[in-house]
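# An overview of the molecular structure
Letter by letter, the chains look like this.
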Amino acid sequence: MNEHAHMNCDELLGSLSAYIDGDLSPELCQELEKHLAGCDNCRVVLNTTKRTIDLVQTPLEKPDLPDDVRERLFKRLNLDRYLTQKPG
Amino acid sequence: MDKTMPDDISLEALIAGDRAEFARLVDMYSGSIYRLGLRMLGSPQDAEDVLQNTFINVLTHIQNFEGRSSLATWLYRIAANEALMLIRKKKPEVNLEDVEGGDEDEDLKPTQFVDWSGLPEDELLSGEGKSILDAAIQTLPESLRIVFLLRDVEGLSIRETAEALHLTETNVKTRLLRARMALREGLSTYYGERFIREE
């Protein structure tokens with residue numbers, strides 16, 4: 001089985017998400033890493049894609065619910081008496 | 001059965017009408033659902049509608065929750081439905097279904113190869129950097145954006161995202177790759193231009 005022995009940039013791109021998520025088979029991982037070792041552009045694409053995903057997972061990108069929105073929600077759901085319990 | 005429960009929420013208590021338990025569930029997920037609505041609709045008022053309608057639906061239908069998916073996935077499914085329904089109503093021209101086919105794979109191809117991944121986080125997420133990231137997310141087509149938000153922002157698995165959106169896992173993976181590539185390209189264009197300016 002060596003049909004992936006010469007993975008090209010397009011094939012790498014198709015497997016990039018799965019590689020980042022750890023969902024790629026060990027064999028494909030190896031082929032992908034072999035390609036990465038010799039391809040600067042694909043390494044940049046991998047690094048910047050991973051960084052993009054890291055950034056959107058930071059707390060700054062996940063702000064808390066505004067207090068007034070929470071208050072209106074609780075009132076709408078007739079949960080007024082639980083408003084004083086702070087989430088967390 | 002614990003697997004179906006987020007943290008220590010009791011499904012039995014929810015079904016029995018325990019208000020305190022419902023309030024805990026609301027607090028646990030309202031931030032995520034509001035963010036999802038805000039990023040799908042782009043307006044705080046619409047996001048609030050999505051949020052309120054989601055929990056009203058949860059309250060109405062919790063008796064029918066069969067536990068085939070986790071409670072969290074079920075919540076996100078309701079929230080995603082609410083958001084998509086509102087988009088259909090407000091922006092009927094938006095295509096929420098089809099992202100495959102044609103020569104669109106050309107769109108996937110990276111054209112920017114600046115390695116900005118080593119920039120410190122406070123720089124990437126301060127002021128202009130954060131605006132660029134948020135704007136890039138907002139420019140994703142809705143059909144890709146919702147997949148990206150559930151999977152990469154809220155942290156659902158591929159399978160959970162597929163269940164929440166009634167998509168196949170293959171379709172989720174395709175949309176996720178396209179979304180990630182489009183975002184990366186957008187950020188790389190910005191940082192590429194910035195590096196040139198600074199040289």
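Residues numbered from 1 in each chain as written. Chains lettered and ligands numbered in written order. Predicted model: local features only at pLDDT ≥ 70, side-chain atom pairs only at ≥ 80, totals over all residues. Heavy atoms only, no water.

For chain B, the helix and strand inventory stands at ten helices and zero strands. Reading the helices (α) and strands (β) of chain B from amino to carboxyl end gives α-α-α-α-α-α-α-α-α-α. Projected onto its principal axes, the C-alpha coordinates of chain B cover approximately 65 × 40 × 35 Å. A buried classification covers 53% of the 199 residues belonging to chain B. (Helix = DSSP H or I, 4+ residues; strand = E, 2+ residues; numbered from the N terminus. Buried < 20%, exposed > 50% of the residue type's maximum accessible area, 1.4 Å probe, protein only.)

Here we come to the confidence of the model for chain B. Chain-level statistics for chain B give a pLDDT mean of 89 and a share of 91% at 70 or above. Taking the mean pLDDT of every element in chain B, the minimum, 66, falls on helix α5 (residues 105-108) of chain B and the maximum, 97, on helix α3 (residues 44-61) of chain B. (pLDDT = per-residue confidence, 0-100.)

In this section: the packing of aromatic side chains. With the rule as written, the count across this model stands at five aromatic pairs over all chains. With a centroid separation of 6.2 Å and an interplanar angle of 90°, the aromatic rings of B:Tyr29 and B:Tyr76 are classed as edge-to-face. Pair noted here: B:Tyr29 is in helix α2 (residues 19-41) and B:Tyr76 is in helix α4 (residues 71-90), with a separation of 47 residues, a long-range link. You'll find B:Tyr29 and B:Tyr76 in the same group, each marked buried. Linked through ring pairs, B:Trp116, B:Tyr190 and B:Tyr191 together constitute an aromatic cluster. Above the face of the A:Phe74 ring, A:Arg70 is positioned so that its terminal group lies 4.5 Å from the ring centre. (Phe/Tyr/Trp six-rings, centres within 6.5 Å; stacked < 30°, edge-to-face > 60°. Lys NZ or Arg CZ within 6 Å of the ring centre and 35° of its normal.)

Remark: helix α4 (residues 67-76) of chain A packs on α3(B), axes separated minimally by 10 Å, with the N-to-C direction vectors making an angle of 35°. The hand of the α4(A)/α3(B) crossing is right-handed. Only B:Glu48, B:Leu51, B:Gln52, B:Asn53, B:Phe55 and B:Ile56 of α3(B) make contact with α4(A), whose side of the interface consists of A:Val69, A:Arg72, A:Leu73 and A:Arg76. The residue makeup of the contact of α4(A) with α3(B), split by class, is five nonpolar, two polar and three charged. (Axes fitted to C-alpha atoms, helices over the stretch in contact; angles between N-to-C directions. Left-handed = near helix turned anticlockwise from the far one by under 90°. Contact = heavy atoms within 4.5 Å. Nonpolar A, V, L, I, M, F, W, Y, C, P; charged D, E, K, R; others polar.)

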